[in-house]
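# Summary of the model geometry
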Amino acid sequence: MERTAVNPWEWSIKLGYNQAEVINGATRQVICAGQTAVDENGAPQHPGDMRAQISLALDNLEAVLNGAGMDISNVVKLGIYATDVDEALQNFDLMGIRFGPHQVAPPMTLLGVSRLAIPGLLFEIEATAMA
């Protein structure tokens, strides 16, 4: 699979994502449901702790990707939902820690929401991956 970044402007690169990517040569696509800070039984973890919830949601995303034979480097699109956008952005260094080593900056959308499906959850991340 070959990825070509499309950035008519430079500002989004500083925030860790491309405006678009052209994907060539992909033969498989995985569409991941939103991943949150839940344990293996679906119980919410880390109440009130945005940073810990982001970290666990990313762990869960990686587990789903690994189960599909992929990893973070295969992610081509992210959708992110947060109950407090400012607090999520204060902890977005976690995104760079996870995606940076793979040298990918997938296009993303971050939306503020009043709540997520399970009370107490603060952050949810969904992904589309290709290989």
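This report concerns the structure included in the present document. Remember, predicted model here, so these are calculated numbers, not experimental data. (Residues numbered from 1 in each chain as written. Predicted model: local features only at pLDDT ≥ 70, side-chain atom pairs only at ≥ 80, totals over all residues. Heavy atoms only, no water.)

## Structural notes on the sheet that holds strand E4 (residues 75-82)
For the record, the criterion: Note on pairing: two strands pair once DSSP finds at least 2 bridges between them. A helix here means a DSSP run of H or I that spans at least four residues, while a strand means a run of E at least two residues long, and both kinds are numbered starting from the N terminus. Axis definition: a line fit to C-alpha positions, over the contact stretch in the case of helices; interaxial angles, taken between N-to-C directions, run 0 to 180 degrees. A contact between two residues is defined here by any heavy atoms of the two lying within 4.5 Å.
The mixed open sheet is built from four strands, whose spatial order is E3-E6-E4-E5. Sheet topology places strand E3 (29-35) and strand E5 (108-112) at the edges, where each strand pairs with a single neighbour. Shown here is a sheet whose adjacent strand axes are inclined to one another by a mean of 10°, direction ignored. Looking at chain direction, E4 and strand E6 (residues 123-130) are connected through seven bridges and run antiparallel. Along E6, the bridge assignment pairs Gly-79 with Glu-126. Here helix H2 (residues 50-67) sits on the sheet in contact with E3, E4 and E6, set at roughly 25° to E6.

## Points about H2
Heads up, the condition is: By this rule, a helix spans an expected 1.5 Å times one less than how many residues it contains. Throughout this description, buried means an accessible area under 20% of the type-specific maximum (1.4 Å probe, protein chains only), exposed means over 50%, and partly exposed covers the range between.
When the terminal C-alpha atoms of H2 are compared, their 26 Å separation across 18 residues agrees well with the 26 Å that a helix rising 1.5 Å per residue should span. Within H2, the full set of buried residues consists of Met-50, Ala-52, Gln-53, Ile-54, Leu-56, Ala-57, Leu-58, Asn-60, Leu-61 and Leu-65. Of the surrounding elements, those touching the buried residues of H2 are E3, E4, helix H3 (85-90), helix H4 (93-99) and E6. Count one or two residues on from H2 and you reach Gly-69, which has phi positive near 75°.

## What about the side chain of Ser-12?
Quick note on the threshold: Polar contacts, as used here, are pairs of N or O atoms within 3.5 Å; protein pairs need one atom able to donate a hydrogen and one able to accept it. Residues neighboring in sequence count only if both atoms are side-chain atoms.
With respect to the helices, strands and loops of the structure, Ser-12 is situated in helix H1 (residues 11-14). For Ser-12, the side chain forms a polar contact with the main-chain oxygen of Tyr-17, separated by 3.0 Å. Contacts of Ser-12, omitting those with residues within four sequence positions, involve Asn-7, Tyr-17, Asn-18 and Gln-19.

## Quick word on the environment of Ala-105
Mapping Ala-105 onto the fold places it in the loop between H4 and E5. Between the alpha carbons of Ala-105 and Lys-77 there is a distance of 9.0 Å; along the sequence they are 28 residues apart. Setting aside anything within four residues of it in sequence, one finds Ala-105 in contact with Gly-16, Tyr-17, Asn-18 and Glu-21.

## Here's the deal with the packing of aromatic side chains
Inclusion rule: A pair of Phe, Tyr and Trp rings is counted when the ring centres sit within 6.5 Å of each other, with Trp represented by its six-membered ring. The angle between the planes then sorts it: under 30 degrees is stacked, over 60 is edge-to-face, the rest tilted.
With the rule as written, the count across this model stands at one aromatic pair. The interplanar angle of 85° and the centroid separation of 6.2 Å between the aromatic rings of Trp-11 and Tyr-17 together place this pair among those described as edge-to-face.

Without other data, these values stay purely geometric and don't point to any function.
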